[in-house]
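Take a look at the letters that make up each chain.
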Amino acid sequence: MIASCFTLLILQKFCRCKEKGKIGRLIRLIFADMTKLFLKKKIAARIANGHPWVFGNEVDKIDGPIEPAGTVDVHYADGKFAGRGYINPKSQILVRLLTRKPETIDAAFFHRRIAEAWAYRQKIGYTENCRLVFGEADQMPALIIDKFNDYFVLQTLSLGMDHWKPAIVEALNTIFSPKGIYERNDVPVRELEGLTQLKGFLSEPFDTKIMINENGLRFHVDIENGQKTGYFLDQQDNRKAIQHIVKGADVLGAFTYTGTFEIHAAHYGAKSVLGLDISENAVAQANKNAALNGLDAICKFEAMNAFDVLKQWGKDGRQYDVVMLDPPAFTKSRESIQKAITGYKEINLRGMKLIRNGGFLVTSSCTNLVQPELFLQTIEMAAKDARKKIRQVTFQAQASDHPIIWGMENTNYLKFLIVEVTDK
Ligand code: SAH
């Protein structure tokens, strides 16, 4: 404290009047950084192991004023520095750590972090489309940025990250000179942080119906009105995994959204492909995507409730060589995991019953609340009830532009499984 005041006096003495604004900011910075949170003893291990969240009930005492979204220092119970992050007294997650070093959190910090995230994506082979920033996995908690070639879609899901939005946009402009930036902050989770839901341009307005290339195919993406950020980049590597099993096959896809898996199947040589989604908009977009790739003679989409239809078609004795399922997260809360398991089991059981002897099931789950082992157990239960034998072809996670951080369970969220299905 004394050192800071001393620094301040020197600064005031030597700076000219026009620098006053800067001094003000510096004063705020110095004093904001003075706020220290001390953790309770038991919690330290989890945070020390790399987890960036500090829950309100993990904090023993707070030394200094709290400015919502401001930067604070977190210390272990023994006084050692744990990290620096942003605070939101309205949120159950009181602090999210941005760094483990006592470095300044400013626009330059976000520029550096985003540049690092891009360098990593390039290093692991992404060039056009990728999840550029995957929140905690890129040490930018609650920030999502999807890169669709020259267009960027952004979500700031916490108060602290929302505060830095101008700096983030500035970094994107400097690093990429994008054709457009759009925010899809129309997500309920923001309300837990006291934020409103909104969407709109963060650049000059542009045509939000864009087109992307993936694995040699082209897809229309509606970044304004599509689901989430407009497109599910997390399955982009998994879509390639169906290449060999669909040749000459009759394929049924359910929960298709804009038809990416199904159009891949047609492209890789399927004889016929039928895709189902409950959303009329998604189906219209999927049919457009099939036509865009000249695959509309093979690949058709219809708006239907997959649960009802799969059950009925099972009774009717319909058969396919490959069934692909990519349902939405059946749960968003820990309390209803069992409901999700029941949903996954049900849909997979119905899917398996539609598969010809020796055909394949391609199945996914996108909620981190159902961890990989539990998902596999669920598929095993479904196979047992369907009286089918299954042989694993591949079991994968999300594309590697959504990095999995060991010790941070919620970064390991997507399960993608292909099994051969035979009659018992
Ligand atoms: N496979 C897609 C992503 C699917 S997201 C891709 O790779 O892009 C899940 C989809 O399931 C959404 O499009 C949603 O509209 C759809 N959906 C949700 N409930 C459904 C139901 N009961 N029947 C059919 N589709 C459903």
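Because the structure is a prediction, the values reported are computed rather than measured.

Colleague: Is there a simple way to think about the site of the ligand in this case?
Modeller: Lining the immediate environment of the ligand, one finds 17 residues, of which Gln227, Arg239, Asp277, Ala306 and Asp326 sit closest. Within the backbone of Ile278, an N or O atom sits 3.0 Å from a nitrogen atom of the ligand. Computed on the free molecule, the ligand has an accessible area of 580 Å², of which 89% lies beneath the protein chains in the complex. When contributions to the shell around the ligand are tallied by element, the ones reaching two or more residues are helix H7 (260-267) and helix H9 (306-316).

Colleague: Hey, could you run me through the sheet that holds strand S16 (residues 299-303) in this one?
Modeller: Sheet architecture is open: 7 strands sit in the order S16-S15-S14-S17-S18-S20-S19, paired in mixed fashion. At either end of the open sheet lies a strand with only one pairing partner, and these are S16 and strand S19 (388-396). Ignoring which end each strand starts from, the neighbouring axes of this sheet average 20° apart. Where strand S17 (residues 320-325) lies against strand S18 (residues 355-365), 5 bridges are found, and the strand directions are parallel. Across the sheet, residue Tyr320 finds its bridge partner in S18, namely Ile355. Strand contacts of helix H8 (residues 280-292): strand S15 (272-277) and S16, with the helix running at about 170° to S16, the strand carrying the most contacts.

Colleague: Explain the packing of aromatic side chains to me, please; I cannot follow it from the model alone.
Modeller: Aromatic rings in a pair are described by how distant their centres are and how their planes are angled relative to each other. Counted by the stated rule, this structure contains 17 aromatic pairs. Ring centres of Phe261 and Phe416 lie 6.0 Å apart, and the angle between their planes is 15°; this geometry places the pair in the stacked category. With a gap of 155 residues between them, Phe261 in helix H7 and Phe416 in strand S20 (residues 415-423) connect regions that are remote in the sequence. There is no split in this pair, since Phe261 and Phe416 are both buried. Among the aromatic residues, ring-to-ring pairing joins Phe255, Phe307, Phe330, Tyr344 and Phe375 into one connected group. Of note, Lys61 hangs over the ring of Phe38, and the distance from its end group to the ring centre comes to 4.7 Å.

Colleague: What should I look at first to understand the packing of helix H10 (residues 337-353) against helix H11 (residues 372-385) in this one?
Modeller: When two helices pack together, their arrangement is given by the angle between the helix axes and by the axis-to-axis distance. Taken N-terminus to C-terminus, the directions of H10 and H11 make an angle of 45°; their axes are 8 Å apart at the nearest point. Here H10 is positioned oblique relative to H11, judged by the angle of their axes. By crossing handedness, the relation of H10 to H11 is classed as right-handed. Residues Ile337, Ile341, Tyr344, Lys345, Asn348, Leu349 and Met352 of H10 form the contact with H11, whose participating residues are Leu374, Phe375, Thr378, Ile379, Met381, Ala382, Ala383 and Asp385. Residues belonging to the contact of H10 with H11 are distributed by class as follows: 11 nonpolar, 2 polar and 2 charged.

Colleague: In this structure, what is going on with the pattern of salt bridges? I would like to understand it.
Modeller: Note that side chains of opposite charge can pair when their charged atoms are close. Scanning all chains against the criterion turns up 22 salt bridges. Between Asp250 and Arg356 there is a salt bridge, and its shortest N-O distance comes to 3.4 Å. A residue pair is termed long-range when its members are at least 10 positions apart, and Asp250 in strand S14 (residues 250-254) and Arg356 in strand S18 qualify at 106 residues. Where Lys388 meets Asp423, a salt bridge forms, and the shortest distance between an N and an O atom there is 2.9 Å. Residue Lys388 is located in strand S19, and its partner Asp423 is located in strand S20; the two are separated by 35 residues in the primary sequence. What emerges from the salt-bridge pattern is a single network uniting Glu103, Arg112, Arg113 and Glu116.

The rules behind each value
- Residues numbered from 1 in each chain as written.
- Predicted model: local features only at pLDDT ≥ 70, side-chain atom pairs only at ≥ 80, totals over all residues.
- Heavy atoms only, no water.
- Near = heavy atom within 4 Å.
- Polar contact = N/O pair within 3.5 Å; in protein donor to acceptor, adjacent residues only side chain to side chain.
- Areas by Shrake-Rupley, 256 points an atom, 1.4 Å probe, with all protein chains shown as cover.
- Helix = DSSP H or I, 4+ residues; strand = E, 2+ residues; numbered from the N terminus.
- Pairing = 2+ DSSP bridges.
- Axes fitted to C-alpha atoms, helices over the stretch in contact; angles between N-to-C directions.
- Contact = heavy atoms within 4.5 Å.
- Phe/Tyr/Trp six-rings, centres within 6.5 Å; stacked < 30°, edge-to-face > 60°.
- Buried < 20%, exposed > 50% of the residue type's maximum accessible area, 1.4 Å probe, protein only.
- Lys NZ or Arg CZ within 6 Å of the ring centre and 35° of its normal.
- Parallel < 35°, antiparallel > 145°, perpendicular 65-115°, else oblique.
- Left-handed = near helix turned anticlockwise from the far one by under 90°.
- Nonpolar A, V, L, I, M, F, W, Y, C, P; charged D, E, K, R; others polar.
- Salt bridge = Lys/Arg side-chain N within 4 Å of Asp/Glu carboxyl O.

It is worth stressing that arrangement in space is one thing and function is another; only the former is reported here.
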